[in-house]
Amino acid sequence: MDAKKTVLTTDELAKRLGVTDKTVYNYIKQGKVIPFNKDNWHWDGQYYFYEEDINIDSLIEKKPGLTTGEVAKKLGVSQTTALKFIKDGQLIAEPSNYKGRTMYFVKEEEVIKFKELYSNQKRYEKKVFYSKEFGYCLFQLFINKNTNEIARIKEINQKEITALTESGRVIKLQELLNEGFVSSYTIEEGKYNTKKGYAKFRFNKPRQIKATTYRILDLFYQAAGPLNIRLFEEEEMIEIEIKPTLIEIERDDYTDEIIMMEQSLIEGKVGNVHNGVLIDSDLEVLQVYLPSSLKTKVKKAAERESLTIDDLMANLIKKELE
């Protein structure tokens, strides 16, 4: 044994490489690493390696793609939803051996392409949370004036509006109204808020219609109005973007709602003010000067994507820096 060299045990080498002991034994069989006591290891009770004789960087396995957890994070969805995309064939996951285990990975370029498609789909679906004809919003609260049972709007589409009652019944809007249910508040469409930016929230989708998440949406609808809200619903998640808005409430009466707002905020700010809660964006000015020809191209690109120029530029910068 060379006293000047650093000696590693099998376990220590495995930890350096981020693999299991079994993987190190496979490396020995494949000749990728050679213990200096390979021929008489049984006298020592285990293998030993000289660190200086091993090119550790070349042995550290590079992931052949993104795990489902990483895919979910990049798309801003739950891992269950990411798995559903894979199961439905929208994303291709291939099995690969990694760190001694067979795992499924998605190529990063596939995720990037899907993310663009998924974002376009989200922008379209965000428009259907509000019925201008009836003045109702998705998840809006209704109360039966005779029985005090509550209900919420479950779905809004071009053909009809359906609701889910507290007892678990799914019924059409007209049936709901015929049974004596009335909206617990009126939603004013109001005017578009010209203040820059949105605060963005992402909530786990509740199973109970009395859940705090839905009470927060009630506050948003009443304070901001549908013109200043973007909402996207998926299987297990509700994502909502809201323009800078003051929610005038007695804070002591809405402690749970305020805490959940703070916990579910992913962009923007939630601040307490003397007369309620202030929802604000966290945008800062970045002034850019462009040639007129390039500015024209930017305007046309924003129109194609149904985005403001600010949103388009923010998306492009995010994509470049990710």
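Scroll up for the structure.
Description of the structure in this document. (Residues numbered from 1 in each chain as written. Predicted model: local features only at pLDDT ≥ 70, side-chain atom pairs only at ≥ 80, totals over all residues. Heavy atoms only, no water.)

Here's the deal with unusual backbone geometry
Where we set the bar: Only DSSP runs of H or I reaching four residues or more are called helices, and only runs of E reaching two or more are called strands; each is numbered from the N terminus.
Here the phi dihedral of F139 falls at roughly 75°; this positive angle occurs in a residue that is not glycine. With respect to the helices and strands, the residue F139 is situated in the loop between β6 (136–137) and β7 (141–144). A positive phi angle, close to 70°, is found at N148, a residue other than glycine. Along the chain, the position of N148 falls in the loop between β7 and β8 (150–156).

Details of the pairing of strand β13 (residues 229–233)
Rules: Whether two strands pair depends on DSSP finding at least two bridges between them.
Judged from the five bridges that link them, β13 and strand β14 (residues 237–242) form a sheet pairing that is antiparallel. If you follow F232 over to β14, its bridge partner there is E239. In this antiparallel pair of consecutive strands, β13 and β14, the connection spans three residues.

Describing the packing of helix α9 (residues 212–224) against helix α10 (residues 255–264)
Inclusion rule: Only the stretch in contact is used when a helix axis is fitted, and all axes are lines through C-alpha atoms; the angle between N-to-C directions ranges over 0 to 180 degrees. By the definition adopted for this analysis, an angle is roughly parallel if under 35 degrees, roughly antiparallel if over 145, roughly perpendicular if from 65 to 115, and oblique otherwise. Throughout, a residue-residue contact means that at least one pair of heavy atoms, one from each residue, lies within 4.5 Å. Three residue categories are used. Nonpolar comprises Ala, Val, Leu, Ile, Met, Phe, Trp, Tyr, Cys and Pro, charged comprises Asp, Glu, Lys and Arg, and polar comprises the others, including Gly.
Where α9 meets α10, the closest approach of the two axes is 9 Å, and the angle between their N-to-C directions is 90°. By the angle between their axes, α9 is roughly perpendicular relative to α10. Contacts from T212, T213, R215, I216, L219 and F220 in α9 reach D256, E257, M260 and M261 in α10. Classifying every residue of the contact of α9 with α10 gives five nonpolar, two polar and three charged.

Remarks on the sheet that holds strand β15 (residues 245–247)
Strand pairing in a sheet relies on backbone hydrogen bonds. The paired strands run either parallel or antiparallel. Across the sheet, which stays open at both edges, the three strands sit in the order β15-β18-β17 with antiparallel pairing between neighbours. What marks the edges here is a single partner per strand, and that holds for β15 and β17 (269–273). Neighbour-to-neighbour, the strand axes of the sheet open up by a mean angle of 25°, direction not taken into account. Pairing of β17 with strand β18 (residues 276–280), which is carried by five bridges, proceeds in the antiparallel orientation. The residue of β18 that forms the bridge with V273 is G276. Packed on one face of the sheet, α9 meets β15 and β18 and runs near 120° to β15.

Examining the environment of R251
In this structure, R251 sits in the loop between β15 and α10. Taking the C-alpha atoms as reference, R251 lies 64 Å from V33; in sequence the two are 218 residues apart.

Describing the environment of K5
To keep things clear, this is the line we draw: Polar contacts, as used here, are pairs of N or O atoms within 3.5 Å; protein pairs need one atom able to donate a hydrogen and one able to accept it. Residues neighboring in sequence count only if both atoms are side-chain atoms.
Tracing the backbone through its elements, the reader meets K5 in the segment before β1 (7–9). Put simply, K5 and E52 are 47 residues apart on the chain and 6.8 Å apart in space, counted from C-alpha to C-alpha. Those residues in contact with K5 that sit more than four places away from it in its chain are Y50, E52 and D53. A polar atom in the side chain of K5 sits 3.2 Å from the side chain of D53.

So, the pattern of salt bridges
Under the convention used in this document: What counts as a salt bridge is simple: a side-chain nitrogen of Lys or Arg found within 4 Å of a carboxyl oxygen of Asp or Glu. Categorising residues by exposure relies on relative accessible area from a 1.4 Å probe, with only protein chains included: less than 20% of the type maximum marks a residue as buried, more than 50% marks it as exposed, and the intermediate range marks it as partly exposed.
In total, this model carries 17 salt bridges according to the counting rule given. Here K172 and E160 are joined by a salt bridge, their closest N and O atoms 3.6 Å apart. Separated by twelve residues along the polypeptide, K172 in strand β10 (residues 170–172) and E160 in the loop between β8 and β9 (161–165) bring together distant segments of the chain. The exposure class assigned to E160 is partly exposed, which follows from its relative accessible area of 33%. Measuring nitrogen to oxygen at the nearest pair gives 3.0 Å for the salt bridge that ties D310 to K196. With a gap of 114 residues between them, D310 in helix α12 (residues 309–321) and K196 in the loop between β11 (181–183) and β12 (199–204) connect regions that are remote in the sequence. Judged by relative accessible area, which is 43%, D310 ranks as partly exposed. Judged by relative accessible area, which is 55%, K196 ranks as exposed. Three or more residues joined by partner-sharing salt bridges are found here, namely K200, R230, E241 and E267.

Thoughts on the layout of surface pockets
Stated precisely, the cut-off is as follows: A 1.4 Å probe that fits but cannot get out identifies a cavity on a 1 Å grid over protein atoms alone, an open set with protein on both sides within 12 Å along at least five of seven lines counts as a pocket, and a residue lines either if it has an atom within 4 Å of a point. Grid points are joined across faces, edges and corners, and a volume is the space filled by probe spheres set on the points.
Here the second largest pocket defines a volume of roughly 840 Å³. If you trace the second largest pocket, you find 37 residues lining it, with L138, K154, E155, I156 and E233 closest to the centre. Put simply, the parts of the chain that give the lining of the second largest pocket at least two residues each are α7 (108–125), β5 (130–131), β8, β9, α8 (173–178) and β13. If you tally residues by element for the lining of the second largest pocket, the top one is β8, at five residues.

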